Amino acid sequence: KLARGDEWVESFDYDAFTADIKQLGDELEKQQGPADVAHLKKMVMWSNMCALVGFATMGYSVNFLTIFALSTFTFTRWTMVAHHTCHGGYDRVHPNKKRWNRFKFALGGTWSRMCDWFDWSEYSRIEHDLLHRCRSLQAVPSMSLTVHHSSRHPEKKTVMPEAWNVEHNNRHHYCLSEIEDPDLVENNAVDIRNSTIPLVFKYLLVAFNVFTWKWFYYAPNTYKELKLAKWRKEGRKIPDGVVPSDAVTIRALLSSGTPFYSFWEFVSIVVGPYFLIHFFLFPLPYMALGEYLGTGHDMYWTAVKNLFYAEALTNAHAFVAIVTNHAGDDMYRFRDGCRPYSGSFFLRQVLASVDFWTGSDINDFMHGYLNYQIEHHMWPSLSMLSYKKSQPLVKAICKKHGVPYVQENVFIRVKKTVDIMCGTSSMKWFPEEYEKKFLEKDVLAEAAARAGKKSRNTQLLSDKCMQAAE
């Protein structure tokens, strides 16, 4: 018997829904052009203006305007600029192929990284840059597919760029809401959920995570995903008792440790260089200016304080806009993996993702364009403007086919995410019978598509993605 709220699945037309979504994706790709580039330039300009305000004022006083500007620059440079560029959203349309391309952005040395995207990222380049810039998503033709390593797009983030290739582009996007999803909040917060401490202390733990999660959780766990991918590629055996899906945090590194890397490796390669350069070397001009103005080192230390406060604020901003994307008691979980860009895949992106308020550029800017999460997960390699265009169309398709489409204010989603983290609510499980049924349909649909591929003169966006995956 279906659980309350799942009745829609009985009359769901898998084939019609899949056809509508694939057709829309193809149309969106064809529509991309100069307007998408112009929109990107405008968003980059807004982000750079925040940087200009923050950097020009951070040595004079500790104040909210400076902190907000610095924080917003860091947030938008990651969530909008790096995120969508590294997914390949501008590969086909941007005239500057040497920079605005998934295989070029923030690569080519320290200067390129600092100009394009300098965050909690690895300072040194390793061979994984090339490996994970390949479009080699390991797609196994099986109804129980789970993607294990390599990735289709280049990414960099609050952690090593190479690690985000694995963690975000691959494991998160293609294992969404499965146990293999490294960003599955319900699984990552299992210690807090199962704890017997009073609820008020759970809230305090969550509050601590809100302001520290990028370096306390996300950086070490994403680096773990990179190491895990390398182990699998090399055929190395995972030690007994080690659960690959378990999150690695600073707390774990300092207590029990992890077999994948040492605490010193994490500090020296992942977070240490950024910490030193961003917080202490970058503000050095204010030390010289202070000496010139006769204020000593006061301006330098004021700048350092502003940078630290901005870091805490950008952590909170990112938590609100990112962690809440796939958590809540109205979000579904799944037991088995599915074929990328299959009917099950598209359906899962809707059922395990949430859109926030959408519309104006300023609203979308402050959300980092992550308020179009459903559309982004359906077609990761489209532009920000394409997601804005597609949102009402995807919503209409879902309404047509009776598929639950969740769109709410981001702060309502924060409350629902905190409830998941504290264990006062739980996510829904997709009906097992229908999950298997749709996975079987995926296999049949793929076989039919392969059989008819030679007879088609044009390709849908999902077909191109699958070719890249293979």
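Residues numbered from 1 in each chain as written. Predicted model: local features only at pLDDT ≥ 70, side-chain atom pairs only at ≥ 80, totals over all residues. Heavy atoms only, no water.

- The protein chain has the name Fatty acid desaturase domain-containing protein in an unreviewed UniProt entry, where Thalassiosira oceanica is given as its organism.
- Its UniProt record gives the protein chain the following Sequence similarities (unreviewed entry) comment, quoted word for word: "Belongs to the fatty acid desaturase type 1 family."
- Its UniProt record gives the protein chain the following Pathway (unreviewed entry) comment, quoted word for word: "Lipid metabolism." (UniProt positions renumbered as here; feature names shortened; annotations may be inferred.)

1. Some thoughts on the overall build of the protein chain
Piece 1. For the protein chain, the count of helices and strands is 20 helices and two strands.
Piece 2. Per-residue burial over the protein chain gives 59% buried out of 470 residues.
Piece 3. Long-range contacts, defined as pairs at least 24 residues apart, comprise 73% of the intrachain contacts of the protein chain with a sequence gap of at least 6. (Helix = DSSP H or I, 4+ residues; strand = E, 2+ residues; numbered from the N terminus. Buried < 20%, exposed > 50% of the residue type's maximum accessible area, 1.4 Å probe, protein only. Contact = heavy atoms within 4.5 Å.)

2. Remarks on the pattern of salt bridges
Piece 1. Summed over the entire model, instances satisfying the criterion amount to 25 salt bridges.
Piece 2. For Arg-413, the salt bridge is made with Asp-330, and the minimal N-O distance between the two is 2.9 Å. Note that Arg-413 is positioned in helix α18 (residues 410-422) and Asp-330 in the loop between α13 (298-322) and β1 (332-333), a separation of 83 residues in sequence. With respect to class, Arg-413 is no different from Asp-330; both count as buried.
Piece 3. For Asp-419, the salt bridge identified is with Lys-415, shortest N-O distance 2.8 Å. Highlighted residues: Asp-419 and Lys-415, both in helix α18, separated by four residues, approximately one helical turn. (Salt bridge = Lys/Arg side-chain N within 4 Å of Asp/Glu carboxyl O.)

3. Details of the UniProt feature "transmembrane region" (unreviewed entry) in the protein chain
Piece 1. UniProt marks residues 46-70, 200-218 and 261-282 with the feature "transmembrane region" (unreviewed entry), using the numbering shown here.
Piece 2. Between the C-alpha atoms that bound residues 200-218 there is a distance of 24 Å. The span itself is 100% helix and 0% strand.
Piece 3. Overall, residues 261-282 shows 86% helix and 0% strand. The separation of its end C-alpha atoms is 29 Å.

4. A look at unusual backbone geometry
Piece 1. Not every positive phi belongs to a glycine, and Ser-177 is a case in point at roughly 65°.
Piece 2. Residue Ser-177 is classed as buried on the basis of its relative accessible area, which comes to 2%.
Piece 3. Its identity as a non-glycine residue notwithstanding, Tyr-341 has a phi of 65°, on the positive side.
Piece 4. As for its placement among the helices and strands, Tyr-341 is situated in the loop between β1 and α14 (343-351).
Piece 5. Residue classification places Tyr-341 among the buried residues on the basis of a relative accessible area of 2%.

5. Some points on the layout of surface pockets
Piece 1. Volume-wise, the largest pocket comes out at about 1200 Å³.
Piece 2. In this structure, the largest pocket is lined by 48 residues; those nearest its centre are Asn-188, Ala-189, Tyr-217, Ala-247 and Thr-249.
Piece 3. Secondary-structure elements contributing two or more residues to the lining of the largest pocket are α3 (64-86), α6 (161-174), α7 (185-188), α8 (190-194), α9 (199-234), α10 (250-254) and α13.
Piece 4. Considering each element in turn, the lining of the largest pocket owes the most residues, eight residues, to α9.
Piece 5. Grouping the constituent residues of the lining of the largest pocket by class yields 25 nonpolar, 17 polar and six charged. (1 Å grid on protein atoms, 1.4 Å probe; cavity = no way out; pocket = protein on both sides within 12 Å on 5 of 7 lines; lining within 4 Å. Points joined across faces, edges and corners; volume = space filled by probe spheres on them. Nonpolar A, V, L, I, M, F, W, Y, C, P; charged D, E, K, R; others polar.)

6. Some remarks on the packing of helix α1 (residues 14-31) against helix α17 (residues 384-401)
Piece 1. The interhelical angle for the contact between α1 and α17, taken along N-to-C directions, is 165°, at an axis separation of 11 Å. Of the possible angle classes, the one that applies to α1 and α17 is roughly antiparallel. Along this stretch, α1 crosses α17, giving a crossing that reads as right-handed. Within the contact between the two elements, α1 uses Ala-16, Phe-17, Asp-20, Ile-21, Leu-24, Leu-28 and Gln-31 and α17 uses Ser-386, Lys-389, Ser-390, Leu-393, Val-394, Ile-397, Cys-398, Lys-400 and His-401. (Axes fitted to C-alpha atoms, helices over the stretch in contact; angles between N-to-C directions. Parallel < 35°, antiparallel > 145°, perpendicular 65-115°, else oblique. Left-handed = near helix turned anticlockwise from the far one by under 90°.)

7. Description of the confidence of the model for the protein chain
Piece 1. Looking at the protein chain as a whole, the pLDDT averages 84, with 83% of positions reaching at least 70.
Piece 2. Contacts of residues 121-167 to residues separated by more than four positions or lying in other chains number 200 contacts, the stretch itself having pLDDT below 50.
Piece 3. The model gives residues 455-470 a pLDDT under 50, and that stretch makes 36 contacts with residues more than four places away or in other chains. (pLDDT = per-residue confidence, 0-100.)

8. Here we look at a nonpolar patch on the surface
Piece 1. A grouping of Ile-197, Val-200, Phe-201, Leu-204 and Leu-205 is seen on the molecular surface, where their side chains present a nonpolar patch of about 440 Å² in accessible area.
Piece 2. As for its position among the elements, Ile-197 is in the loop between α8 and α9. (Patch = residues over 30% accessible without salt bridge, like charges linked within 9 Å, V, L, I, M, F, W, Y side chains within 5 Å. Areas by Shrake-Rupley, 256 points an atom, 1.4 Å probe, with all protein chains shown as cover.)

9. Regarding the packing of helix α2 (residues 34-57) against α17
Piece 1. It is at 8 Å that the axes of α2 and α17 come closest, and there the two elements cross at 110°. It follows that α2 is roughly perpendicular to α17 by the angle criterion. Residue-level inspection shows Ala-35, Asp-36, His-39, Leu-40 and Met-43 of α2 in contact with α17, the latter providing Met-384, Leu-385, Ser-386 and Lys-388.
Piece 2. Its residues assigned to classes, the contact of α2 with α17 shows five nonpolar, two polar and two charged.

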